[in-house]
Amino acid sequence: MAASLIRLQFHDCFVRGCDASVLLDNTTTTVSEKGAVPNRRFTKTFRVIEDAKSTLERICPGVVSCADIIAVAARDASASVEGPSWDVELGRRDSDAAFASLAASDIPTPKDDLNTLIALFRKKGLNSREMVALSGAHTLGTAQCLAFRDVIDPDFARKKRRMCPASGGDRLVQPLDPVTPTSFDNNYFKALMIRKGLLVTDQVLFSGGETDGVVDEYSKDEGKFKNEFAAAMVKMGSIEVMTGSDGQIRRTCSKAN
Ligand code: HEM
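Residues numbered from 1 in each chain as written. Predicted model: local features only at pLDDT ≥ 70, side-chain atom pairs only at ≥ 80, totals over all residues. Heavy atoms only, no water.

## Here we look at unusual backbone geometry
Line of reasoning, step 1. The phi torsion at Arg 16 lies on the positive side, around 55°, for a residue other than glycine.
Line of reasoning, step 2. With respect to the element layout, Arg 16 can be found in the loop between α1 (2–13) and α2 (43–59).
Line of reasoning, step 3. Overall, the relative accessible area of 43% leaves Arg 16 in the partly exposed class.
Line of reasoning, step 4. The backbone of Ala 20 sits at a positive phi, close to 60°, despite the residue not being glycine.
Line of reasoning, step 5. Tracing the chain through its elements places Ala 20 in the loop between α1 and α2. (Helix = DSSP H or I, 4+ residues; strand = E, 2+ residues; numbered from the N terminus. Buried < 20%, exposed > 50% of the residue type's maximum accessible area, 1.4 Å probe, protein only.)

See the structure below:
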């Protein structure tokens, strides 16, 4: 659960800012982001956020937004698996609409090349160094076969293909960090240095392009990775945030008020 809670902040903040739009269900006027390809593995994660929201509404109704719950949950998830912790600035307001087409266009796909990745992060105010730090979240969790049938390194690809049959098995998973997929460390970057990046977008970070040096630095200095990851999560958590009287504090995360 730690992995997908951290990932949820990314998928919330990259789509029209950190406004919990990712949590809204379909209505007659809004198409939910939940059906977008990148959001299809979050069913249990959505429930965790909704449970936290209903507990908070009982104690202190109308005060804590769903977007703030996502941000705090991501921080606590990181701290719970030996990752860094950070201060979460609060006061985000929730949207009253979802943006399904932006979920498809603004969240990177696992086959994007380096220039596309850099451009998608730059569009959100994050530089390439911050992009590499944030990709280090792949020190946790897994990816389904359908996301990595095009592994870059040919030897590694042959091994992975045996675990992912050519047809079927789309939902089988492999760890993104081959050594320690349940703890937050810099083994993900060490894996990239020996060309064992699972997704195309993992290995492109160390493939002769401008981000090679950052991967090298993080692979040698776990403390630096963790500090820069924390700072980048804070920055990501402030993308296009609504405050004051903009937006709303939803009573239920899956429905606008
Ligand atoms: C750089 C662009 C990125 C791409 C293309 C990407 C893509 C993916 C894909 C395809 C998966 C597997 C999904 C599946 O199997 O259905 C995944 C998993 C994951 N991603 Fe990313 N991701 C990126 C960046 C990030 C960032 C910035 C974060 C958080 C800060 C993040 C956190 C995670 C985590 C923790 C998982 C594992 C989820 C789990 O096990 O439930 N990713 N990512």
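Alright, that's what it looks like, and here's the rest.
## Concerning the pattern of salt bridges
Line of reasoning, step 1. Enumeration over the complete set of coordinates arrives at 12 salt bridges.
Line of reasoning, step 2. We note a salt bridge from Lys 34 to Asp 25, for which the minimum N-O separation is 2.6 Å.
Line of reasoning, step 3. Taking relative accessible area as the criterion, Lys 34 reaches 22% and is therefore assigned partly exposed.
Line of reasoning, step 4. A relative accessible area of 32% means that Asp 25 is categorised as partly exposed.
Line of reasoning, step 5. Here Glu 217 ties to Arg 129 by a salt bridge, and the two come within 2.7 Å at their closest N and O atoms. Residue Glu 217 is found in helix α10 (residues 212–220), and its partner Arg 129 is found in helix α6 (residues 128–135); the two are separated by 88 residues along the sequence.
Line of reasoning, step 6. Relative accessible area serves as the criterion here: at 28%, Glu 217 is assigned to the partly exposed category.
Line of reasoning, step 7. For Arg 129, a relative accessible area of 29% puts it in the partly exposed group.
Line of reasoning, step 8. Through salt bridges that share partners, Arg 129, Glu 217, Lys 224 and Glu 228 make up one connected network. (Salt bridge = Lys/Arg side-chain N within 4 Å of Asp/Glu carboxyl O.)

## Considering the domain arrangement of the chain
Size of an interface, as often reported, equals the accessible area lost when the parts are brought together.
Line of reasoning, step 1. Each assigned domain of the chain is listed with its residue range as follows: domain 1 (2–107) and domain 2 (114–234).
Line of reasoning, step 2. Tallying the contact residues gives 17 residues for domain 1 and 20 residues for domain 2.
Line of reasoning, step 3. Interface of domain 1 and domain 2: buried area, both sides summed, is about 1500 Å²; carbon and sulfur atoms make up 67% of it.
Line of reasoning, step 4. Ranking the residues of domain 1 by area buried against domain 2 places Phe 14, Arg 41 and Trp 86 at the top, with a combined share of 35%.
Line of reasoning, step 5. If you look at where domain 1 meets domain 2, you find 2 salt bridges.
Line of reasoning, step 6. For Lys 124, the salt bridge identified is with Asp 106, shortest N-O distance 2.9 Å.
Line of reasoning, step 7. Here domain 1 and domain 2 share 7 residue pairs in polar contact (both at pLDDT 80 or more) between them.
Line of reasoning, step 8. Secondary structure elements with two or more residues in the side of domain 1 that touches domain 2: α1, α3 (66–80) and α4 (100–106).
Line of reasoning, step 9. Residue contributions to the side of domain 1 that touches domain 2 peak at 4 residues, all from α1.
Line of reasoning, step 10. The residue makeup of the side of domain 1 that touches domain 2, split by class, is 8 nonpolar, 5 polar and 4 charged. (Domains from an automatic or database assignment. Contact = heavy atoms within 4.5 Å. Buried area = accessible area lost by both parts, 1.4 Å probe. Polar contact = N/O pair within 3.5 Å; in protein donor to acceptor, adjacent residues only side chain to side chain. Nonpolar A, V, L, I, M, F, W, Y, C, P; charged D, E, K, R; others polar.)

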